[in-house]
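So you can see what is in the structure, the chains are spelled out below.
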Amino acid sequence: MVRVNQPWLLITGLSRALAGVFATAAFGLIRSDIWQVTLYTGPLRDAVFTLLSIRTPVRLPGQSDA
């Protein structure tokens, strides 16, 4: 069953997306002005953004709603 589904093709298909994710993460860690945004938003808005980012569902292409 695993051989028929070919899960290793998922890794090669997502390689460009993963490269974009790693580049975005590196940019966010390196740039200091992104970290300074929290100084202007305040703790309440930071908490709301955190909860919304955790709550936001991530759907993969081809994933059904059921």
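Residues numbered from 1 in each chain as written. Predicted model: local features only at pLDDT ≥ 70, side-chain atom pairs only at ≥ 80, totals over all residues. Heavy atoms only, no water.

### Here's the deal with the overall build of the chain
Across its full length, the chain holds five helices and zero strands. Taken from N to C terminus, the helices and strands of the chain fall in the order α-α-α-α-α. Counting across all 66 residues of the chain, residues that qualify as buried make up 2%. About 6500 Å² of surface is accessible on the chain, with carbon and sulfur atoms providing 69% of the total. (Helix = DSSP H or I, 4+ residues; strand = E, 2+ residues; numbered from the N terminus. Buried < 20%, exposed > 50% of the residue type's maximum accessible area, 1.4 Å probe, protein only. Areas by Shrake-Rupley, 256 points an atom, 1.4 Å probe, with all protein chains shown as cover.)

### Let's talk about the confidence of the model for the chain
The predicted model of the chain averages 76 in pLDDT, with 79% of residues at 70 or higher. Taken element by element, the chain is modelled with least confidence in helix 1 (residues 2–5), mean pLDDT 68, and with most confidence in helix 5 (residues 43–55), mean pLDDT 84. (pLDDT = per-residue confidence, 0-100.)

### Quick word on a nonpolar patch on the surface
Together, Leu10, Leu14, Leu18, Val21 and Phe22 make up an exposed nonpolar region whose accessible area comes to about 480 Å². Sort the elements by how many residues they give to the nonpolar patch and helix 3 (residues 15–30) lands first, with three residues. If you trace the backbone, Leu18 turns up in helix 3. (Patch = residues over 30% accessible without salt bridge, like charges linked within 9 Å, V, L, I, M, F, W, Y side chains within 5 Å. Salt bridge = Lys/Arg side-chain N within 4 Å of Asp/Glu carboxyl O.)

### Details of the packing of helix 3 against helix 4 (residues 32–41)
Between two packed helices, both the angle of their axes relative to each other and the distance between the axes serve to describe the pair. Interaxial distance between helix 3 and helix 4 falls to 5 Å at its minimum, and their mutual angle equals 65 degrees. Judged by the inter-axis angle, helix 3 sits roughly perpendicular to helix 4. Across from Phe27, Gly28, Leu29 and Ile30 in helix 3, the residues of helix 4 making contact are Ser32, Ile34 and Trp35. Residue composition of the contact of helix 3 with helix 4, by class: five nonpolar, two polar and no charged. (Axes fitted to C-alpha atoms, helices over the stretch in contact; angles between N-to-C directions. Parallel < 35°, antiparallel > 145°, perpendicular 65-115°, else oblique. Contact = heavy atoms within 4.5 Å. Nonpolar A, V, L, I, M, F, W, Y, C, P; charged D, E, K, R; others polar.)

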